[in-house]
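# Descriptive analysis of the structure
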Amino acid sequence: MKKILTLLFFACTCYSVQLQAAEPTPDRTYWADLLYKISEPVLSNMSKGELVKNMQVEVSPTWDGRRTRVTYMEAFGRLMAGLAPWLSLPDDNTPEGKQRKQLREWALKSYAHAVDPESPDYLQWDKEGQALVDAAYVANSFLRAPKQLWEPLDEVTKKRYVDEFQKLRWVDPPYTNWLLFSAMIETFLLSIDEQYDAYRIHSAIRKIEEWYVGDGWYADGTHFAFDYYNSYVIQPMYVEVLEVLVAKNRMVKQETLDIARKRMQRYGLILERFISPEGSFPAFGRSMTYRMGAFQPLALLSWRQELPEELSEGQVRSAMTCVMKRMFEAKGNFNEKGFLQLGFAGHQPNLADWYTNNGSLYLTSLTFLPLGLPADHSFWTSPAEDWTAKKAWSGEDFPKDHAIGF
């Protein structure tokens with residue numbers, strides 16, 4: 001009997017050990033601490049209905065005159081789209097686990113405030129077409145972590161979201177990346193078996209396909225612009241919309257998704273080569289104040305474990321960590337209350353476009369998607385490796401580059 005009890009105790013002890021989270025690596029700890037720093041001012045305030053009260057709004061010097069209340073929806077929607085994978089991990093007793101649990105609790109309360117007409121933090125769902133953009137990021141957050149962020153919401157809050165999403169059909173999106181915002185919202189409605197507008201999805205898909213210009217790049221409309229909108233919107237939202245349609249068997253073939261994913265892998269290769277040996281990357285095109293949002297496709301591929309075979313997890317993690325440190329250790333990224341300020345690497349308000357406020361900047365959270373992988377995943381534990389530009393400029397061998405033919 002004593003032997004049996006001993007064996008049972010040993011088995012329970014082993015099981016208990018298995019439940020403990022892996023010790024985070026220094027890179028992961030840096031990422032988690034930084035994302036918590038970015039998120040805490042937004043969610044701690046909004047969870048109490050005090051975001052509008054306490055967030056200092058900063059708009060571009062060339063602001064177009066829209067209601068500045070759009071700021072809060074931009075901050076919340078974009079932040080949650082980046083946070084969602086991390087918050088989908090189970091709770092544990094590590095310092096990171098406690099951060100994650102706190103953010104999730106704040107987020108669920110914030111989601112309720114966002115659609116409660118009686119809350120001071122009820123977001124601006126009407127009056128400005130901009131609401132379509134950031135509602136799409138909210139919908140994207142639900143798609144990325146449905147069990148942790150959508151399912152726990154009470155039925156009243158869920159109904160309010162469905163109503164607000166459906167009412168946004170009053171917005172007639174221009175023939176640009178905005179078509180994907182409509183498609184993302186309708187795709188989320190499809191995913192939860194609510195009434196959705198199939199035309200708004202399929203018209204976006206048709207246009208994105210028409211706008212493919214080759215070698216992993218899409219134009220944003222009828223004319224190609226050399227900027228990062230393939231990163232901010234087009235590549236990730238297109239693939240994630242297609243994934244739901246394929247899963248639901250709704251008029252999209254698996255082949256279409258496979259091709260879109262291969263294009264994003266090619267684009268990810270290009271993004272990795274943009275990262276200099278010192279951790280900088282080219283600052284060009286619109287919306288550079290979105291900071292590391294430029295690397296969303298590379299982050300999404302890492303989280304989904306779909307990196308192209310030419311890129312190792314160790315080199316991608318090392319490159320992205322180097323960029324984070326180069327960018328966020330610059331002075332001026334945050335104001336005295338901890339909210340992001342207009343700029344790229346510091347406070348550079350004159351860089352902001354006419355549509356940019358400091359809520360817009362939370363799109364930078366979209367580079368943190370790999371935090372959705374557990375701490376013991378090879379993305380975090382594989383040895384650090386030099387990335388392509390670092391190898392190239394130090395005299396090491398590095399792979400030649402070739403365009404794709406589709």
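Residues numbered from 1 in each chain as written. Predicted model: local features only at pLDDT ≥ 70, side-chain atom pairs only at ≥ 80, totals over all residues. Heavy atoms only, no water.

The next point concerns the pattern of salt bridges. Under the defined criterion, the tally for this structure stands at 31 salt bridges. One salt bridge in this structure joins R144 and E240, with 2.8 Å as the shortest N-O distance. With a gap of 96 residues between them, R144 in helix 6 (residues 130-144) and E240 in helix 11 (residues 229-247) connect regions that are remote in the sequence. Overall, E240 belongs to the buried group, its relative accessible area being 4%. Via salt bridges that share partners, R144, E240, E243, D258, R261, R304 and E306 belong to a single interconnected network. (Salt bridge = Lys/Arg side-chain N within 4 Å of Asp/Glu carboxyl O. Helix = DSSP H or I, 4+ residues; strand = E, 2+ residues; numbered from the N terminus. Buried < 20%, exposed > 50% of the residue type's maximum accessible area, 1.4 Å probe, protein only.)

A few words on helix 13 (residues 296-303). Across the eight residues that make up helix 13, a large majority, eight, are buried. All of the buried residues in helix 13 are Q296, P297, L298, A299, L300, L301, S302 and W303. Looking at the buried residues of helix 13, the elements they touch are helix 4 (70-87), helix 6, helix 11, helix 12 (254-274), helix 14 (313-328) and helix 15 (378-381). Trailing helix 13 by a residue or two, Q305 shows a phi angle of about 60°, which is positive. (Contact = heavy atoms within 4.5 Å.)

This next bit is on the nonpolar core. Ranked by internal contacts, the top residues of the largest apolar core, which has 129 residues, are Y161 and F165. Sequence-distant contacts of F165, defined by excluding residues within four places in its chain, comprise W125, A135, V138, A139, F142, I185, F188 and L189. (Core = buried A, V, L, I, M, F, W, Y, C linked by side-chain atoms within 4.5 Å.)

A word on the packing of aromatic side chains. Using the criterion set out here, one finds 36 aromatic pairs in the structure. Cation over ring: R263 sits above Y212, and NZ or CZ is 3.7 Å from the ring centre. Stacked on the ring of Y30, the Lys or Arg K325 has its end atom at 5.2 Å from the ring centre. (Phe/Tyr/Trp six-rings, centres within 6.5 Å; stacked < 30°, edge-to-face > 60°. Lys NZ or Arg CZ within 6 Å of the ring centre and 35° of its normal.)

Over its 16 residues, helix 14 extends 22 Å from the first C-alpha to the last, a length consistent with the 22 Å expected when each residue adds 1.5 Å. Across the 16 residues of helix 14, 12 count as buried, placing the element largely inside the fold. All of the buried residues in helix 14 are G314, Q315, V316, R317, S318, A319, M320, T321, V323, M324, M327 and F328. Along its buried surface, helix 14 packs onto helix 2 (26-46), helix 12, helix 13, helix 15 and helix 16 (388-392). (Expected span 1.5 Å × (residues − 1).)

Take unusual backbone geometry next. One non-glycine residue, K127, lies in positive phi territory at about 75°. Here K127 is to be found in the loop between helix 5 (95-114) and helix 6. According to the relative accessible area criterion, K127 is exposed, its value standing at 52%. Notably, Q305 is not glycine yet its phi reads approximately 60°, a positive angle. In this fold, Q305 is placed in the loop between helix 13 and helix 14. By relative accessible area, which is 54% here, Q305 ends up exposed.

Let us look at the environment of G332. Mapping G332 onto the fold places it in the loop between helix 14 and helix 15. Here the alpha-carbon distance between G332 and P95, two residues 237 residues apart in the chain, equals 27 Å. When near neighbours in sequence (up to four residues on either side) are disregarded, G332 contacts Q341, G346 and H347.

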